[in-house]
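Take a look at the letters that make up each chain.
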Amino acid sequence: MTLSQEGRQDQHEVVRLGPRGKVLRVVVAVVGIGLLINGSVRASDDAWPFGPMSQYAMSVPDDAKIDYTRVSAVTDAGTTVDVPLNIEGAGVARAEIEARTGEIVANPSLLQQVADGWARKHPDKPQYVKLELIRDTTQLVKGRVEGPPTSQVLATWEVRK
């Protein structure tokens, strides 16, 4: 055997995983799969990345309607603004609003949480006095946007102080 062959043999030396390493890998895999199954059974985006991210779970056909849910607010300064639906904005994520749209339509008082979250996080900014849950619908025809989106107010809530 030449020196160059010996050097190549050393580079390909097999290292075996010990029993503790194998057990650790199996435990990590089982825990990860368990978390994923739990999030999938609950069908909630709250557990991401150990659950479904439903807004990416499908493709859009060429001829389809695309719905976008948002919350609009009238402030005590008299302005109308779109509520930033994220943790830094109102403390509520857009996915949470979209997942609970039916509940909010049935009980608009659930929008109070959005106003409370904004007030808690932004006490120095104009406060919300009225909230509207709005669904904007964009129509696709042959994969292209057909006209401007249409808006439908699904629920309205006068904010309690």
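The structure reproduced in this document is the subject of the present report. (Residues numbered from 1 in each chain as written. Predicted model: local features only at pLDDT ≥ 70, side-chain atom pairs only at ≥ 80, totals over all residues. Heavy atoms only, no water.)

**Notes on the overall build of the chain**
Summing up its helical and strand segments, the chain has 5 helices and 5 strands in all. The burial tally for the chain puts 26% of its 161 residues in the buried class. In the chain, the share of contacts with a sequence separation of at least 24, taken over all contacts with a separation of at least 6, comes to 58%. Here the chain displays about 11400 Å² of accessible surface, and carbon together with sulfur accounts for 56% of that area. (Helix = DSSP H or I, 4+ residues; strand = E, 2+ residues; numbered from the N terminus. Buried < 20%, exposed > 50% of the residue type's maximum accessible area, 1.4 Å probe, protein only. Contact = heavy atoms within 4.5 Å. Areas by Shrake-Rupley, 256 points an atom, 1.4 Å probe, with all protein chains shown as cover.)

**Some details on a nonpolar patch on the surface**
The grouping of Val23, Val27, Val31 and Leu35 at the surface amounts to a nonpolar patch, some 320 Å² of accessible area in total. Inspection of the secondary structure assignment puts Leu35 in helix α2 (residues 19-42). (Patch = residues over 30% accessible without salt bridge, like charges linked within 9 Å, V, L, I, M, F, W, Y side chains within 5 Å. Salt bridge = Lys/Arg side-chain N within 4 Å of Asp/Glu carboxyl O.)

**Quick word on the pairing of strand β3 (residues 128-141)**
As judged from the 11 bridges shared by strand β1 (residues 65-75) and β3, these two strands associate in the antiparallel manner. Within β3, the residue paired with Ile66 across the bridge is Thr138. Bridge count between β3 and strand β5 (residues 150-158): 8 bridges; the pairing is antiparallel. If you follow Thr137 over to β5, its bridge partner there is Thr150. Between β3 and the antiparallel strand that follows it, strand β4 (residues 144-145), lie 2 residues; Lys142 among them carries a positive phi value of about 55°. (Pairing = 2+ DSSP bridges.)

**A closer look at the environment of Thr80**
In this fold, Thr80 is placed in strand β2 (residues 80-82). You can call Thr80 exposed: its relative accessible area is 57%. Once the C-alpha coordinates of Thr80 and Leu131 are considered, the two residues, 51 residues apart in sequence, prove to be 9.5 Å apart. The contact partners of Thr80, leaving out residues within four places of it in the chain, are Ser72, Ala73 and Val74.

**Focus: the nonpolar core**
Ranked by size, the top nonpolar core spans 20 residues in total, and within it Val83 and Leu131 carry the most contacts. Breaking this core down by element, the ones donating at least two residues are β1, α5 (112-121), β3 and β5. Contact partners of Leu131, with chain neighbours within four places excluded, come to Val71, Ser72, Ala73, Val83, Leu111, Val114, Ala115, Ala155, Thr156, Trp157 and Val159. (Core = buried A, V, L, I, M, F, W, Y, C linked by side-chain atoms within 4.5 Å.)

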